[in-house]
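Below are the chains, spelled out letter by letter.
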Amino acid sequence: MPVPFKAAAVQFEPTMFDKERNIETLLALVGEAADAGARLIVTPEMGTTGYCWHERSEVAPFVEPIPGPTTRRFAQLAHERNCFLVIGMPEVDPATNLYYNSAVLIGPEGIVGTHRKTHPYISEPKWAVSGDLGHEVFETEIGRIALLICMDIHFVETARLAALKGADVICHVSNWLAERTPAPYWINRAFENGCYLIEANRWGLERGVQFSGGSCIISPDADILAVVDGGDGIAYAEIDPARARARTVWGEPILKQRRPDLYMELMTNTFAWNPSDFFRLYGHRPLPEGRKAKVAVAEMEPADDPAANLQTIAETAKEIALEGAELIVFPELALTGLSRPAETAVATDAPTLVHLQRIAADLGIHLVAGFAERDGEDCYNSAVLAGPESIVGTYRKIHLTEAERGWARAGDSWAVFDLPFGRLGLLIGHDMSFPEAGRILALKGCDLIACPAAVRDRFHASHDGTSIAQPAPIPTGADPLHWHQYRVRAGENNCWLAFANVRAPLDGYPGLSGVFGPDTFLFPRQEAVVLDNESYALAEIDTSSLGGPYPTHVARRKDLVLMRQPHHYGDLVAPRAEGS
């Protein structure tokens, strides 16, 4: 096991057309970090040249092969200071004359490995091609190191591949913009994979683009260990590979709990074609016509008395229905209680579920609620979708916590239902800790994911605000819910997400339920969150399109799902090794 070591994230503003000045400044910053004892030093994306190139011919004088003159200069420093460096630069492949947005890992003995950006942002196709080296993890004397570049990290698959290959730390070099940083995506990728993330971002203004700074080091439990807001600077923190190799989220062995046998759809791209055509092909399960609808999430503290829970649900649902809600989502185990699920479990034809359906019928709406399900000798942590006319269906939780394994069996199939306003997928609580789950429902065409939950542990963090001025309406001030794991889940899958959590402060359940919008970078945010003394949140969602055959709403178009690169993702569905 490698010993703990000091790491550094370098923040820097390069100057376009002045490559030598950029390299000299980076060498000085890297040298400063090495003098301070850092063994791993990460610098920003395209730090040697600047980023906003108009076209291939403009960047052509500044590209280099790897290895090349620039890497030799940094390699000399790495050798002299006995450290590892990550340098972002534009690369040319001499064999093909193709250009790449690349990051190179350099150690005391020279180049360790290179990553070419696989998932391009809007600007890369102006001059570069998508990377062809996949997502590797490099074994070094200080630990296992993965490299990702900016937009790569928007995609759950890239960081998950790094975790599956054993990464202790993900070095993320970026030119991040249009958001207050440290960005929620950065935090989520460290947290959901139980590893460290070193974020080296640039700052400053280039060709009218304002970059966000916020370079930082993030721990496996989502703590920001060190951060630089604006300006050139260096963030330092200790990396302990042993913490990463525990690979836990909330104490759960997250990689061991994966279900790769159910993840095969991750290798597909169902949004490569116009989804309006794809999902009605052969007349099989066309998407419902999209439209606006009101959706709500309700909080409660489930008792071990189904009758009492039903009364709470009926009263709450009636109040929300008066505001026009068509779907209301209640928490995990809302019908049967939290403390003795194996004892209070009921069958799907039990009076408890019949009563729930009558509530839905009386109000003319759909209800989702969690319950402990009994099926013969087996119990499941389940959710039911009740409609005005019948019980539409149920879902059995696929990803169980270690405690749940003591009383429940895991489900073995995903649940997707078509409602009058859109396609709905169901997940429960801990399912959402697995980025694969939401992604699969998105690939199945879901407009909305409902997630009844009973989550105690932290899934959110505040932000004190940033000194970097952003164009309106991007927020820069303090925010008590800057990072909310379930908001990120919505945005990364371009789905609306109705997250209904238990609120029981004395037992550690914080609530903070919400209906979150499908576009992370649309401000003001399209969402409604349960705060203070409220018991529910109501939001209007939209799955409609404006004329023509092509979807115009992001929930139907799913840009981030379309831009995936599934040919790189094979390890996500590889069978889990025995004992892993």
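Definitions and cut-offs
Residues numbered from 1 in each chain as written. Predicted model: local features only at pLDDT ≥ 70, side-chain atom pairs only at ≥ 80, totals over all residues. Heavy atoms only, no water. Helix = DSSP H or I, 4+ residues; strand = E, 2+ residues; numbered from the N terminus. Rg over C-alpha atoms; globule rule 2.2 N^0.38 Å. Buried < 20%, exposed > 50% of the residue type's maximum accessible area, 1.4 Å probe, protein only. Contact = heavy atoms within 4.5 Å. UniProt positions renumbered as here; feature names shortened; annotations may be inferred. Salt bridge = Lys/Arg side-chain N within 4 Å of Asp/Glu carboxyl O. Core = buried A, V, L, I, M, F, W, Y, C linked by side-chain atoms within 4.5 Å. Axes fitted to C-alpha atoms, helices over the stretch in contact; angles between N-to-C directions. Left-handed = near helix turned anticlockwise from the far one by under 90°. Nonpolar A, V, L, I, M, F, W, Y, C, P; charged D, E, K, R; others polar. Phe/Tyr/Trp six-rings, centres within 6.5 Å; stacked < 30°, edge-to-face > 60°. Pairing = 2+ DSSP bridges. Right-handed = clockwise from strand over helix to strand, strands pointing away.

### Considering the overall build of the chain
A tally of helices and strands in the chain yields 14 helices and 32 strands. In terms of C-alpha radius of gyration, the chain reaches 24 Å, essentially the compact-globule figure of 25 Å for 580 residues. Each principal axis of the C-alpha atoms in the chain carries an extent, and together these give about 75 × 55 × 45 Å. Counting only residues that meet the buried cut, the chain has 62% of its 580 residues in that class. Considering only contacts in the chain between residues 6 or more positions apart, those separated by 24 or more positions represent 72%.

### Thoughts on the UniProt feature "domain: CN hydrolase" (unreviewed entry) in the chain
Mapped onto this numbering, the UniProt entry gives "domain: CN hydrolase" (unreviewed entry) at residues 5-241 and 293-543. Overall, residues 5-241 shows 23% helix and 35% strand. The separation of its end C-alpha atoms is 9 Å. Overall, residues 293-543 shows 20% helix and 34% strand. The separation of its end C-alpha atoms is 9 Å.

### Observations regarding the pattern of salt bridges
Considering all chains together, one arrives at 46 salt bridges under this definition. In this structure, the salt-bridge partner of Asp-479 is Arg-525, at a minimum N-O distance of 3.2 Å. Of this pair, Asp-479 sits in strand β26 (residues 479-484) while Arg-525 is found in the loop between β30 (514-516) and β31 (527-529), placing the two residues 46 residues apart along the sequence. Asp-479 gets classed as buried once you look at its relative accessible area, which sits at 14%. For Arg-525, a relative accessible area of 25% corresponds to the partly exposed category. Here the salt bridges do not stand alone but share partners, grouping Glu-91, Asp-93, Arg-116 and Asp-132 into one network.

### Topic: the nonpolar core
In terms of nonpolar packing, the biggest core is built from 123 residues, with Leu-40, Val-86, Ile-198, Leu-327, Trp-414, Leu-424 and Leu-448 touching the most fellow members. Not counting the four nearest positions on each side in its chain, Leu-448 is found in contact with Val-295, Leu-327, Phe-421, Arg-423, Leu-424, Gly-425, Trp-496, Leu-497, Ala-498 and Ile-541. In terms of nonpolar packing, the next biggest core, distinct from the first, is built from 25 residues, Ala-296, Ala-325, Ile-328 and Val-346 among them.

### Remarks on unusual backbone geometry
The omega torsion of the bond from Thr-181 to Pro-182 falls at 0°, within 30 degrees of zero and hence cis. Structurally, Pro-182 can be placed in the loop between β8 (169-174) and α5 (184-193). Of note, the amide linkage connecting Phe-523 to Pro-524 takes the cis form, showing an omega dihedral of -5°. Looking at where Pro-524 falls in the secondary structure, it is placed in the loop between β30 and β31. One non-glycine residue, Tyr-282, adopts positive backbone phi at about 65°. Note that Tyr-282 resides in the loop between α7 (275-278) and β17 (292-298).

### Focus on the packing of helix α4 (residues 156-164) against helix α11 (residues 435-443)
Following both chains from N to C, one finds α4 and α11 inclined at 145°, their axes separated by 10 Å at the closest point. Seen along the crossing, α4 lies across α11 with a hand that is left-handed. In this structure, α4 contributes Val-156, Glu-157 and Arg-160 to the contact, and α11 contributes Pro-435, Glu-436 and Arg-439. Here the contact of α4 with α11 is built from residues that sort into two nonpolar, no polar and four charged.

### Overview of helix α12 (residues 485-492)
The buried fraction of α12 is high, at eight of eight residues. Those residues of α12 not exposed but buried are Gln-485, Tyr-486, Arg-487, Val-488, Arg-489, Ala-490, Gly-491 and Glu-492. Within two residues after α12, Asn-494 carries a phi angle of roughly 50°, on the positive side.

### Observations concerning the packing of aromatic side chains
In total, this model carries 13 aromatic pairs according to the counting rule given. Seen from their ring centres, Trp-176 and Trp-186 are 5.5 Å apart, and the 75° between their planes marks the pair as edge-to-face. Note that Trp-176 is positioned in the loop between β8 and α5 and Trp-186 in helix α5, a separation of ten residues in sequence. Across the pair, Trp-186 and Trp-176 agree in class, each one buried. Aromatic side chains Tyr-185 and Phe-521 sit 6.0 Å apart centroid to centroid with 10° between the ring planes, which places their arrangement in the stacked category. Of the two residues, Tyr-185 sits in helix α5 while Phe-521 sits in the loop between β30 and β31, which places them 336 residues apart along the sequence. The class for Tyr-185 is buried, based on a relative accessible area of 0%.

### Focus: the sheet that holds strand β20 (residues 378-386)
Judged by pairing direction, the sheet is mixed, and its six strands sit side by side in the order β21-β20-β19-β18-β17-β32 without closing on themselves. With one partner strand each, in any of the chains shown, β21 (391-396) and β32 (536-542) form the two edges of the open sheet. Sheet twist, expressed as the mean angle between neighbouring strand axes with direction ignored, is 30°.

### Comments concerning the environment of Asp-519
The topology assignment puts Asp-519 in the loop between β30 and β31. Among the residues examined, Asp-519 registers a relative accessible area of 31% and is labelled partly exposed. It is 10.0 Å that separates the C-alpha atoms of Asp-519 and His-553, two residues lying 34 residues apart in sequence.

### Topic: the pairing of strand β18 (residues 325-329)
Among the five residues that make up β18, four are buried, leaving the element largely enclosed by the rest of the structure. Here four bridges tie β17 to β18, and the two strands are oriented parallel to one another. Residue pairing across strands places Lys-294 opposite Ala-325, the latter belonging to β18. With helix α8 (residues 306-321) bridging β17 and its parallel neighbour β18, the resulting β-α-β unit is right-handed. The pairing of β18 with strand β19 (residues 366-375) spans three bridges and is parallel. Counterpart to Leu-327 in the pairing with β19 is His-366.

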